[in-house]
Amino acid sequence: MNYWLMKSEPSAFSIEDLQRRPGQIEPWDGVRNYQARNMMRDDMAVGDGIFFYHSNCDIPGIVGIATVVREAYPDDTAFDPQSKHFDPKSLRERPRWFMVDVGFVRTLSRTITLTELKGDPALDGFPLTRRGNRLSVMPLSKVQWDYILSLE
DNA sequence: GCCAACGTTGGC
DNA sequence: GCCAACGTTGGC
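For the structure given in this document, a descriptive report is provided here.

About the thresholds
Residues numbered from 1 in each chain as written. Chains lettered and ligands numbered in written order. Predicted model: local features only at pLDDT ≥ 70, side-chain atom pairs only at ≥ 80, totals over all residues. Heavy atoms only, no water. Near = heavy atom within 4 Å. Polar contact = N/O pair within 3.5 Å; in protein donor to acceptor, adjacent residues only side chain to side chain. Nonpolar A, V, L, I, M, F, W, Y, C, P; charged D, E, K, R; others polar. Salt bridge = Lys/Arg side-chain N within 4 Å of Asp/Glu carboxyl O. Helix = DSSP H or I, 4+ residues; strand = E, 2+ residues; numbered from the N terminus. Buried < 20%, exposed > 50% of the residue type's maximum accessible area, 1.4 Å probe, protein only. Phe/Tyr/Trp six-rings, centres within 6.5 Å; stacked < 30°, edge-to-face > 60°. Pairing = 2+ DSSP bridges. Axes fitted to C-alpha atoms, helices over the stretch in contact; angles between N-to-C directions. Contact = heavy atoms within 4.5 Å.

## Let's talk about the protein's contact with DNA strand C
Taken together, Y34, R131, G132 and R134 make up the full set of residues near DNA strand C. Here a base oxygen of DNA strand C sits 2.7 Å away from a polar atom, N or O, in the side chain of R134. Grouping the constituent residues of the surface near DNA strand C by class yields one nonpolar, one polar and two charged.

Below, the structure written as structure tokens:
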């Protein structure tokens, strides 16, 4: 079992949105970064743990927990000229982009903020707190996962 | 293969 | 809204 952190701008899609979805499941479409894609496609399995992170908002931080409910499959928004995630280079017979389905688990009782994660010596080297990091999907060790959960 | 231009991310 | 970081694109 692997552990992940996935970023979303709450103005676009929040943990509350996920909770309200039918079946509390959402396809995680729109990832257009190769590193993030490779992790989703090659390393994510059903049952993996996900920290749901709100970015680009008043208080950036981890707000909830989700889980992988379907392994990677082609991101069909890449085929849709109407979609803002459209990519003419992604073909149905040879898809370039993939997505997983994410299922709601729970919201945290409080936001574990980026500020406190940044200032925490126990999380030295954690990708999220490294300067300039922009990955929207990143792996965590079980130790990091458990430690961050203990902060709740 | 280099690298300048450009677009995007995301904290502040 | 600003801007640093950084990935991608495309001319050469």
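Still to come is the rest of the account.
## Quick notes on the pattern of salt bridges
Counted under the stated rule, the structure contains seven salt bridges. A salt bridge links E152 to R106, with the nearest nitrogen and oxygen atoms 3.0 Å apart. Of this pair, E152 sits in the segment after α4 (142–150) while R106 sits in strand β5 (residues 98–113); the two residues are 46 residues apart in sequence, bridging distant segments of the chain. By relative accessible area, which is 30% here, E152 ends up partly exposed.

## Remarks on the packing of aromatic side chains
One pass over the structure, following the stated rule, counts six aromatic pairs. The interplanar angle of 40 degrees and the centroid separation of 4.8 Å between the aromatic rings of Y3 and W145 together place this pair among those described as tilted. On the criterion of sequence distance, the pair formed by Y3 in strand β1 (residues 3–8) and W145 in helix α4 is long-range, its members being 142 residues apart. Given a relative accessible area of 10%, Y3 falls into the buried group.

## Some remarks on the protein's contact with DNA strand B
The environment of DNA strand B is formed by K7, Y53, S55, N56, P60, L114, K118 and R134. The sugar-phosphate portion of DNA strand B accounts for 68% of its atoms within 4 Å of the protein, the bases making up the rest. Take K7: an N or O atom from its side chain is 2.9 Å from a phosphate oxygen of DNA strand B. Note that a phosphate oxygen of DNA strand B is positioned 3.1 Å from one of the backbone N or O atoms of R134. A breakdown of the residues in the surface near DNA strand B according to their chemical character gives three nonpolar, two polar and three charged.

## A short note on the sheet that holds strand β4 (residues 61–74)
Ordered by their spatial adjacency, six strands build an open sheet running β2-β5-β4-β3-β1-β6, and the pairing between neighbours is mixed. Here the strands that pair on one side only, and so sit at the sheet edges, are β2 (25–27) and β6 (137–140). Across the sheet, the mean angle separating the axes of adjacent strands is 35 degrees when strand polarity is ignored. Across four bridges, the pairing between β1 and β6 is antiparallel. Residue pairing across strands places Y3 opposite L140, the latter belonging to β6. α4 contacts β1, β3 (49–54), β4, β5 and β6 of the sheet and is inclined by roughly 55 degrees relative to β3.

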